[in-house]
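These are the residues of each chain, in order.
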Amino acid sequence: MATTEAVQGTPRKKRFYTQLWFWVIVGILGGVLFGMIAPDAAKGAKWLADGFIQMIKVIVAPVIFCTVVVGIASIGNLARAGGLALKALFYFLVATVVALTIGLLAANVFDVGGGFTGQPSESALASAAKQVESGSSADQGGLTGFLLNDLLPTSFLGPFVENEVLRVLVLAILTACSVSLLAAPLRKRVVGSIETIAKVIFGIIKLIMWAAPVAAFGGMAYTVAQFGTQSLGELLKLMGVFWGTCAFFIFAVLGLVSRWAGFNIFKVIRLIKDELLIIVGTSSSESVLPRLLTKLEAAGASKQTVGLVIPTGYSFNLDGTCIYLTLGALFIIHAGGETLPIGLQIGLALLMVLTSKGAAGITGAGLVTLAASLQAFGGQFFTAEAIAVGIALIIGIDRVMSEGRAITNCIGNVVATLVIARWNGELDRERLAAVLDDPSLVDAAMELEHGSGTDVEPSTDKELVAAGSDTAR
């Protein structure tokens, strides 16, 4: 009997064609072929990815609110929760500075934009003008403007309606602090109720994720069709330098951090390969936020750490976006025939430490943030017209770079969560080591919460009986 029970706990591998990652790859490859064969028609497929991201955005704010409230309130100790938050913010600040610095160094070493001689198209100029306008409205008075216009809520429901992640985060922290001050029995009931709401939201996500392969098809078809029209060498150089810099940051910087924390960056990437494939197809890291919450908790990080670090990291730990900002800014400056002394470059990077904090993981957010940063720093250095022309030069390949931003942001936040969990003594290192060696150990949790993208399926009763008999023999 005991032998049979042991066998019952052993899952059987699913066939590859029943797994989400396989169909995402099919969608990506199909999109690439469609974009190459019929580029004009493929440009119209962009709505498939946009619609998927729009549906994901509907539940991102509630997911962040619920997970942060549960993560902090379940600790039951504001001092302990505050210590965790301070450690996370310190880590995010250091990672931001390192990412911006690496982007700045890469832009200078490879002189991105220095040999550019082309001119943007009229459609690109028109699109860029909208980005600059958005950037101008985003920049209102430096730190004060950031606090009033981006961080502090103007109403309780408004941030949820407008999907303003930073303001939702502030509301979640305030709510969590309030719940933490309740008597223990009442606090547990409130936390349990919010966890129940989160289960319902995860159920919605479970339904939406079935559309991920279709979204990947539409996103890649549009990307290939749009990028195929670009033949300027400097734009290709910018894209190559950007992806190379992101790879260096992931494998060198995050690799060293991971090694210090006692795990391997390559195994971490293998653990989240499904999520990375979804990002490649949709060009959005927000599409996998709920899946990361489940997977990291199942991998050994505490619910409190995961619930606080991942949602906060989506606004404060955008490593890929930081690399993009400094590379993009210097490309625009160099492409315009201008130079910026090292001292001013450092000043621009310091400004971007602040402006990068409002850039969510949605396609196009990096362009708006880049425009806002240049507008805030501009004045005597470059005009709004020069910024518009520069944005127009890179807008054609922004989606390809957006995928790099989202992938780097995702891996950066996963590493941050595991590092901070270990730093705070809330990481089951034996469990993590086992999961990294065998990622299928998290499949049960992923199946329960998301119902897709898993590697296992239950064995049938007949198979269990047969297995039990074989074992007994």
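Thresholds applied
Residues numbered from 1 in each chain as written. Predicted model: local features only at pLDDT ≥ 70, side-chain atom pairs only at ≥ 80, totals over all residues. Heavy atoms only, no water. Salt bridge = Lys/Arg side-chain N within 4 Å of Asp/Glu carboxyl O. Helix = DSSP H or I, 4+ residues; strand = E, 2+ residues; numbered from the N terminus. Buried < 20%, exposed > 50% of the residue type's maximum accessible area, 1.4 Å probe, protein only. Phe/Tyr/Trp six-rings, centres within 6.5 Å; stacked < 30°, edge-to-face > 60°. Lys NZ or Arg CZ within 6 Å of the ring centre and 35° of its normal. Axes fitted to C-alpha atoms, helices over the stretch in contact; angles between N-to-C directions. Left-handed = near helix turned anticlockwise from the far one by under 90°. Contact = heavy atoms within 4.5 Å.

This part covers the pattern of salt bridges. The full count for this structure, using the stated rule, is five salt bridges. With its nearest N and O atoms 2.7 Å apart, the salt bridge here joins K267 to D437. Of this pair, K267 sits in helix α13 (residues 265-271) while D437 sits in helix α22 (residues 429-437), and the two are 170 residues apart along the sequence. A relative accessible area of 48% places D437 in the partly exposed class.

Before going further, it helps to examine unusual backbone geometry. Trans peptide bonds make up the majority, and among non-glycine residues the majority have a negative phi. We note that D111 has phi near 50°; this positive angle belongs to a residue other than glycine. Within the secondary structure layout, D111 lies in the loop between α5 (78-109) and α6 (122-138).

The tally for this structure, following the rule as stated, stands at eight aromatic pairs. Seen from their ring centres, Y91 and F92 are 6.3 Å apart, and the 80° between their planes marks the pair as edge-to-face. Take Y91 and F92: they sit in the same class, and that class is buried. With a centroid separation of 5.2 Å and an interplanar angle of 20°, the aromatic rings of F251 and F266 are classed as stacked. Separated by 15 residues along the polypeptide, F251 in helix α12 (residues 233-261) and F266 in helix α13 bring together distant segments of the chain. The class of F266 is exposed, set by a relative accessible area of 54%. Note that R405 overlies the ring of Y324, its terminal NZ or CZ placed 4.1 Å from the centroid. Of note, R422 hangs over the ring of W260, and the distance from its end group to the ring centre comes to 5.8 Å.

Quick look at the packing of α5 against helix α16 (residues 303-316) now. Packed helix pairs are characterised by how far apart their axes lie and by the angle those axes make with each other. For the pair α5 and α16, interaxial distance at closest approach is 10 Å and the crossing angle is 35°. As α5 packs across α16, the resulting crossing turns out to be right-handed. Here A81, L84, A85, A88, L89, F92 and T96 of α5 lie close against α16, whose contacting residues are Q304, T305, L308, V309, T312, G313 and F316.

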